[in-house]
Amino acid sequence: MIKKIAVIGAGGWGTAISILLAKRKNHVVLYEVFKQYAKILDKKRENIIFLKGVKIPKNIIITNFLSEALNNADVIVLAVPSKYIKNVLRKIKNKINKNTLVLSVIKGIDCKSLKRITEVIKKNIKNKIAVLSGPSHAEEVSRKVPTAVVIASKHKQVAKILQHLFSNDYFRVYTSEDVI
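Time to look at the pattern of salt bridges. For side chains bearing opposite charge, pairing can occur when the charged atoms are close. Considering all chains together, one arrives at four salt bridges under this definition. Lysine 86 is the partner of aspartate 110 in a salt bridge, and the nearest nitrogen-oxygen pair spans 3.1 Å. Of this pair, aspartate 110 sits in the loop between strand E5 (101-104) and helix H5 (117-124) while lysine 86 is found in helix H4 (residues 85-92), placing the two residues 24 residues apart along the sequence. Residue aspartate 110 is classed as buried on the basis of its relative accessible area, which comes to 6%. Lysine 86 gets classed as partly exposed once you look at its relative accessible area, which sits at 32%.

This brings us to the layout of surface pockets. Each pocket or cavity is described by its volume, and for the largest pocket that value is around 710 Å³. In this structure, the largest pocket is lined by 29 residues; those nearest its centre are Gly9, Gly11, Ala79, Val80 and Pro81. Mapped onto the lining of the largest pocket, the elements with two or more residues apiece are helix H1 (12-22), H4 and helix H6 (138-142). Class assignment of the residues belonging to the lining of the largest pocket gives a composition of 18 nonpolar, seven polar and four charged. Here the second largest pocket is characterised by a volume of approximately 260 Å³. Elements supplying a minimum of two residues to the lining of the second largest pocket: H5 and strand E6 (129-133).

What follows deals with the packing of aromatic side chains. Taken as a whole and judged by the stated rule, the model has zero aromatic pairs. Sitting over the face of the ring of tryptophan 13, lysine 107 holds its NZ or CZ atom 5.0 Å from the ring centroid.

Attention now goes to the side chain of serine 153. Examined against the element boundaries, serine 153 turns out to sit in the loop between strand E7 (147-152) and helix H7 (156-166). One polar contact links the side chain of serine 153 to the main-chain amide nitrogen of histidine 155, over a distance of 3.1 Å. Excluding residues within four positions of it along the chain, serine 153 makes contact with Ile129, Ala130, Val158, Ala159, Ser176, Glu177 and Val179.

All right, on to the nonpolar core then. The biggest cluster of nonpolar side chains holds 40 residues, and the ones touching the most others in it are Val77, Phe166 and Phe171. Those residues in contact with phenylalanine 166 that lie beyond four places of it in its chain are Ile17, Leu20, Leu21, Arg24, Val77, Leu103, Leu132, Ile151, Phe171 and Val173. Tyr31, Val80, Val102 and Ile117 belong to the second largest nonpolar core, which has 23 residues in total.

Conventions we followed
Numbering of residues starts from 1 in each chain and follows the order in which that chain's sequence is written. Whole-chain, interface and lining totals are the exception, using all residues; otherwise, since this is a predicted model, local features are given only for residues with pLDDT of at least 70 and side-chain atom pairs are given and counted only at 80 or more. As a rule here, side-chain values cover all heavy atoms of the structure and leave hydrogens and water aside. Each salt bridge in this description consists of a side-chain nitrogen of Lys or Arg and a carboxyl oxygen of Asp or Glu lying within 4 Å of one another. By definition, any uninterrupted DSSP run of H or I lasting at least four residues is a helix, any uninterrupted run of E lasting at least two residues is a strand, and each is numbered from the N terminus. Only protein chains enter the calculation, and the probe is 1.4 Å; a residue is then buried if its accessible area is under 20% of its type maximum, exposed if over 50%, and partly exposed in between. Both cavities and pockets are sets of points on a 1 Å grid over the protein atoms alone; in a cavity a 1.4 Å probe fits but cannot get out, in a pocket the set is open with protein on both sides within 12 Å along at least five of seven lines, and lining residues sit with an atom within 4 Å of a point. Grid points are joined across faces, edges and corners, and a volume is the space filled by probe spheres set on the points. Note that Gly is not counted as nonpolar here; it falls among the polar residues with everything else outside the nonpolar set of Ala, Val, Leu, Ile, Met, Phe, Trp, Tyr, Cys and Pro and the charged set of Asp, Glu, Lys and Arg. Planes of paired rings set the category: under 30 degrees apart is stacked, over 60 is edge-to-face and the rest tilted, where pairs are Phe, Tyr or Trp rings (Trp by its six-membered ring) whose centres lie within 6.5 Å. Ring-over charges, as used throughout, are those where CZ of Arg or NZ of Lys falls within 6 Å of the ring centre and within 35 degrees of the ring normal. Within 3.5 Å is the distance limit for a polar contact, defined as a pair of N or O atoms, with the added protein rule that one can donate a hydrogen and the other accept it, and that residues adjacent in sequence qualify only through two side-chain atoms. Any pair of residues with heavy atoms lying within 4.5 Å of one another is described as a contacting pair. Residues belong to a common nonpolar core when they are buried Ala, Val, Leu, Ile, Met, Phe, Trp, Tyr or Cys residues joined through side-chain atoms within 4.5 Å.

Here it is in structure tokens:
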């Protein structure tokens, strides 16, 4: 059973994913790397840079402390820009439980190695990994515009668990074992 979800990255997509998960009554912790902006997000309950006009529910915990976000997380959602993923992985790889599921919602590839983000993640951590992809925009998802995506994982059960976690009446999730 999923008790806590850590969303790493409070940009538009990370915020939208957090809102989506919080509306399903999940315990969500949203990590923002910049201390001052984390305070603004927490005080205003709005991502004034990336999702202006969209309210962040009060049941989302916003933190600038990575350990607070990761501690006892059952699922980690990686929502940072692709160019920062290696740095984030270095910071988290020794702080996460081996049973924690890792979901990448990162768009793009690693520009230096030209590897897919899931390949970069797999090289750095040994957890079960999934990826969410599809025609989706943070602005639309946060405003409940109907959206369909795919969660893919080599582990069919992981994809099913995450499908159940994310699916609702406006965000439809399909599963696949084809991560590529």
